[in-house]
Amino acid sequence: MTKRERGLQNPELPNVDGECFRRPDLARLLLAERAPHPPRILLLYGSVRERSYSRLVTEEAARLLQAMGAEARIFDPRGLPQPDGAPEDHPKVQELRDLAQWSEGMVWCSPERHGAMTGIMKSQIDWIPLAVGSVRPTQGKTLAVMQVSGGSQSFNAVNQLRVLGRWMRMLTIPNQSSVAKAFAEFEEDGRMKPSPYYERVVDVMEELVKFTLLTRDCAGYLVDRYSERRESAEALAQRVNLRSI
């Protein structure tokens, strides 16, 4: 990369650190070699009720993902302690964090309770750290958001999940699913009935797999940003200065 490409000595950008500035490179987005394994998708749901409709939607989504060629794993939130209520080496916490590291994309599905996502859903997300050492478990991974409601259709929970996905620096896909009156949308055996709601779930999973295939190999490059490169450079300079004292 030339000095011009990196922005060095650019009089039009006096406030930009040329050593850290980068011109986006299409070749780093359109990689010739791509990972051959199936997309790895982690699914989280926000209820521990015996007949949990968020779990039933999640199980339906997992079947669809597998039919589309992905590897899907569902985390069971039963037994997960409250955030900060147990050490980080708690078995359920470690299971969740290991799955977050393993995944290349996620599905978050919560019931709407009191106009918001459930505490069980939020606890799972809160146990996934923004950083583990130098690794960010969620950065650059794809995300699909869904919700179920006991009454008329609402989007409060999915809107909140989108905010969290952005905070976790995930690539949240445009499509989403909100299943109204979920109690009427499932058979006794737990399978979802044919309906426009079901078709939307199919749409969302299809879009998630496409976005995951498109971005997983260049996820690190997509979320690499100037401010963090500059911060890293400053941290390195400070370490060098400390050693010279």
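Structure: see above.
For the structure given in this document, a descriptive report is provided here. It should be emphasised that the depicted structure is a prediction, and the values quoted were computed from it without experimental measurement. (Residues numbered from 1 in each chain as written. Predicted model: local features only at pLDDT ≥ 70, side-chain atom pairs only at ≥ 80, totals over all residues. Heavy atoms only, no water.)

## What about the packing of helix α2 (residues 53–67) against helix α6 (residues 196–215)?
Using the following cut-off: Lines fitted to the C-alpha atoms define the axes, with helices restricted to the stretch that makes contact. Angles between their N-to-C directions range from 0 to 180 degrees. Note on conventions: DSSP H or I runs of at least 4 residues are helices, E runs of at least 2 residues are strands, and numbering of each starts at the N terminus. Throughout, the term roughly parallel applies to angles under 35 degrees, roughly antiparallel to angles over 145, roughly perpendicular to angles from 65 to 115, and oblique to all others. By convention the crossing between two helices is left-handed if the near helix lies anticlockwise of the far one by an angle smaller than a right angle, and right-handed if it lies clockwise. By the convention used here, residues are in contact when the closest approach between their heavy atoms is within 4.5 Å. Residue polarity is assigned by list, with Asp, Glu, Lys and Arg as charged and Ala, Val, Leu, Ile, Met, Phe, Trp, Tyr, Cys and Pro as nonpolar; anything else, Gly included, falls into the polar class.
Orientation of α2 relative to α6, taken along the N-to-C sense of each, is 50°, at an axis distance of 10 Å. Between α2 and α6, the interaxial angle falls into the category oblique. When you trace α2 past α6, the crossing you get is right-handed. Contacts between α2 and α6 pair Val57, Glu60, Ala61, Leu64 and Leu65 from the former with Tyr198, Val201, Val202, Met205, Leu208 and Val209 from the latter. Looking at the contact of α2 with α6 residue by residue, the class counts come to 10 nonpolar, no polar and one charged.

## A word on α6
We count it as follows: Take the residue count of a helix, subtract one, and multiply by 1.5 Å to get its expected span. Three exposure classes are used, based on accessible area relative to the maximum for each residue type with a 1.4 Å probe and protein chains only: buried under 20%, partly exposed in between, and exposed over 50%. Arc definition: it is the arc formed by the directions from the helix axis to the C-beta atoms.
Over its 20 residues, α6 extends 28 Å from the first C-alpha to the last, a length consistent with the 28 Å expected when each residue adds 1.5 Å. Buried within α6 we find Val201, Val204, Met205, Leu208, Val209, Thr212 and Thr215. Summarising the axial view, the buried residues of α6 lie within an arc of 150°, below the 170-degree limit, and thus occupy one face. With respect to the buried face of α6, the exposed residues turned more than 90 degrees away are Pro196, Glu199, Lys210 and Leu214.

## Digging into helix α4 (residues 119–127)
Of all the positions in α4, only Met121, Ser123, Gln124, Ile125 and Trp127 are classed as buried. Contact partners of the buried residues in α4: β1 (40–45), α3 (91–102), β3 (105–111) and α5 (156–167).

## Considering the pattern of salt bridges
Once the charged atoms of two side chains with opposite charge are near each other, the side chains can pair. For the record, the criterion: A side-chain nitrogen of Lys or Arg and a carboxyl oxygen of Asp or Glu constitute a salt bridge if their distance falls within 4 Å.
Evaluation of the coordinates by the stated rule reveals 16 salt bridges. Residues glutamate 104 and arginine 40 are paired through a salt bridge, measuring 3.7 Å at the closest nitrogen-oxygen approach. Here glutamate 104 is found in the loop between α3 and β3, whereas its partner arginine 40 is found in strand β1, with 64 residues between them in sequence. According to the relative accessible area criterion, glutamate 104 is buried, its value standing at 13%. A salt bridge links arginine 78 to aspartate 76, with the shortest nitrogen-to-oxygen separation between them at 2.6 Å. Of the residues examined, arginine 78 reaches a relative accessible area of 55% and is grouped as exposed.

## Observations regarding the nonpolar core
Side chains that are nonpolar tend, in soluble globular proteins, to be buried together. The following threshold applies: By convention a nonpolar core is built from buried Ala, Val, Leu, Ile, Met, Phe, Trp, Tyr and Cys residues, the set being connected through side-chain atoms within 4.5 Å.
In terms of nonpolar packing, the biggest core is built from 26 residues, with Leu43, Leu65, Val107, Met146, Val201 and Met205 touching the most fellow members. Taken together, the elements giving at least two residues each to this core come down to β1, α2, β3, β4 (142–148) and α6. When neighbours within four sequence positions are excluded, methionine 205 is seen to be in contact with Ala61, Leu64, Leu65, Met68, Val107, Ala144 and Met146. One finds Leu42, Val93, Ala100 and Leu161 within the second-largest nonpolar core, a separate group that totals 23 residues.

## What about the side chain of threonine 118?
Cut-off, in case you're wondering: In protein, a polar contact means a hydrogen-donor-capable atom and an acceptor-capable atom, both N or O and within 3.5 Å, with residues adjacent in sequence counting only if both atoms are side-chain atoms; elsewhere, any N or O pair within 3.5 Å suffices.
With respect to the element layout, threonine 118 can be found in the loop between β3 and α4. Relative accessible area serves as the criterion here: at 2%, threonine 118 is assigned to the buried category. Within the structure, the side chain of threonine 118 is placed 3.2 Å from the backbone nitrogen of methionine 121, a separation counted as a polar contact.

## Details of the environment of glutamate 88
Turning to its location among the elements, glutamate 88 is positioned in the loop between β2 (71–74) and α3. Residues glutamate 88 and tryptophan 127 lie 39 residues apart in sequence; the distance between their C-alpha atoms is 8.5 Å. Apart from the residues lying within four places of it in its own chain, the contact partners of glutamate 88 are Val93, Gln94, Arg97 and Trp127. Side-chain polar atoms of glutamate 88 contact the side chain of arginine 97, separated by 3.4 Å.

## Overview of the pairing of β2
Put simply, the rule is: Criterion used throughout: strands pair if DSSP finds at least two bridges between them. Call a crossover right-handed when, viewed with both strands pointing away from you, the route from the first strand across the helix to the second goes clockwise.
Here four bridges tie β1 to β2, and the two strands are oriented parallel to one another. By the bridge assignment for β2, leucine 43 is matched with isoleucine 74. With respect to chirality, the unit in which β1 leads through α2 into the neighbouring parallel β2 is right-handed.

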